[in-house]
Amino acid sequence: MKIKIAPSILSADFSCLSAELKKVQAAGADLIHVDVMDGHFVPNITIGPLVVKYISSATSLPLDVHLMIENPAKYFLEFVNAGSDMITVHIETVSLKELATIAKVLKKRKVKLGISLNPATPIAKIKKALPLVDFVLVMSVNPGFSGQVFIRGALSKIRQLRAIFKKDIAVDGGINNITAKQVKNAGANVLAAGSYIFGAKNTKQAIDSLR
């Protein structure tokens, strides 16, 4: 499967975010990973729909808006209206019934749906959700902050998932040129990386090394 690189703007310089987005787009990024945190589901607060709207106007790359929030069923449409091309919700925050409702709405809007799971959540938890989603995001760090160390247990999860799921498998957390090879070998094909890309002196070289 095609390897896709998704720079995570959590590590970008927000004082010049438009320039940062243009930089990664010119360097060959495939999509932009946008972490939305509410201070409840995860211990950090980041951005809301208004910022997503401006991000959408600053880049032509697809936006994967990762809702690390409680009750995403209540808020996801606000992020779609702000310009999200993909919405990722956590299995820890939605029921199967809620996920089915979200999937139906997003399909009408031609927005892709992803399901994510935290490091402590087993693959079994998302099996019933797989027919409803376009991709799965495996967290390889405990969500909340950028720059964390990769949790190796994610590799076995990716292998288990690839055996039963033929669509895109994304991985988020601690991705660099070393861990990228490991997750690709395990079966992931979408790599979300923050500090490794935005902290690099040569952005294109960093993206190419992941790919």
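The shown structure was predicted, so the numbers you read here are calculated from the model rather than taken from an experiment.

Before going further, it helps to examine the pattern of salt bridges. Evaluated as defined, the whole model comprises five salt bridges. With a closest N to O distance of 2.9 Å, Glu20 and Lys23 form a salt bridge. Pair noted here: Glu20 and Lys23 are both in helix H1 (residues 17-26), with a separation of three residues, about one helical turn. Given the relative accessible area of 9%, Glu20 is considered buried. Asp30 is the salt-bridge partner of Arg211, the closest N and O atoms lying 2.8 Å from each other. With a gap of 181 residues between them, Arg211 in the segment after helix H8 (203-210) and Asp30 in the loop between H1 and strand E2 (32-37) connect regions that are remote in the sequence. Counted as one network, the salt bridges with shared partners bring together Lys2, Asp30 and Arg211.

It is worth spelling out the packing of helix H5 (residues 153-162) against helix H6 (residues 177-186) at this point. Taken N-terminus to C-terminus, the directions of H5 and H6 make an angle of 30 degrees; their axes are 8 Å apart at the nearest point. By the angle between their directions, the pair H5 and H6 is classed as roughly parallel. Only Gln182, Val183 and Ala186 of H6 make contact with H5, whose side of the interface consists of Leu155, Ile158, Arg159 and Arg162. Here the residues of the contact of H5 with H6 sort into four nonpolar, one polar and two charged.

Turning to helix H2 (residues 49-58), a few remarks are in order. Restricting attention to buried positions, one finds in H2 the residues Val52, Ile55 and Ala58. Taken end-on, H2 shows its buried residues confined to a sector of 120 degrees, consistent with a single buried face. Turned more than 90 degrees away from the buried face of H2, the exposed residues are Leu50, Lys53, Tyr54 and Ser57. The secondary structure elements touched by the buried residues of H2 are H1, E2, strand E3 (63-68) and helix H3 (72-81).

Moving on: the packing of H3 against helix H4 (residues 96-109). Running from amino to carboxyl end, H3 crosses H4 at an angle of 15 degrees, the nearest separation of the two axes being 10 Å. Taken together, the axes of H3 and H4 are roughly parallel relative to one another. Judged by the twist between their axes, the crossing of H3 over H4 is right-handed. Residues Ala73, Phe76, Leu77, Val80 and Asn81 of H3 form the contact with H4, whose participating residues are Glu98, Ile102, Val105, Leu106 and Arg109. Of the residues contributing to the contact of H3 with H4, the split by class is seven nonpolar, one polar and two charged.

The strand order E1-E8-E7-E6-E5-E4-E3-E2 describes an open sheet built from eight strands, whose pairing is parallel. Only two strands of the sheet have a single partner each, and these edge strands are strand E1 (4-7) and E2. Between one strand and the next, the sheet's axes are offset by a mean angle of 25 degrees, whatever the strand orientation. The strands touched by H2 are E2 and E3; relative to E3, the strand with the most contacts, the crossing angle is about 165 degrees.

The rules behind each value
In this numbering scheme, every chain counts its residues from 1 along its sequence in written order. Only residues with pLDDT of at least 70 get local features here, since the model is predicted, and only at 80 or more are side-chain atom pairs given and counted; chain-wide, interface and lining totals rely on the full set of residues. Think of the side-chain values as coming from all heavy atoms in the structure, minus any hydrogens and water. Here a salt bridge means any side-chain nitrogen of Lys or Arg lying within 4 Å of a carboxyl oxygen belonging to Asp or Glu. Put simply, DSSP H or I for four residues or longer makes a helix, DSSP E for two residues or longer makes a strand, and each gets a number counted from the N terminus. Relative accessibility decides the category of a residue: with a 1.4 Å probe and only protein chains considered, values under 20% of the type maximum give buried, values over 50% give exposed, and everything between is partly exposed. Comment: axis = line fitted to C-alpha atoms, over the contacting stretch for helices; angle = value between 0 and 180 degrees taken between N-to-C directions. Any angle from 65 to 115 degrees is called roughly perpendicular, while one under 35 is roughly parallel, one over 145 is roughly antiparallel, and all others are oblique. Here a residue-residue contact requires only that any non-hydrogen atoms of the pair lie within 4.5 Å. Gly is placed with the polar residues, together with every amino acid not listed as nonpolar (Ala, Val, Leu, Ile, Met, Phe, Trp, Tyr, Cys and Pro) or charged (Asp, Glu, Lys and Arg). Each direction from the helix axis to a C-beta atom contributes to the arc, which is the arc of those directions. Handedness of a helix crossing follows the sense of rotation of the near helix relative to the far helix, less than a right angle counterclockwise being left-handed and clockwise being right-handed. At least two bridges found by DSSP between two strands are what make those strands a pair.

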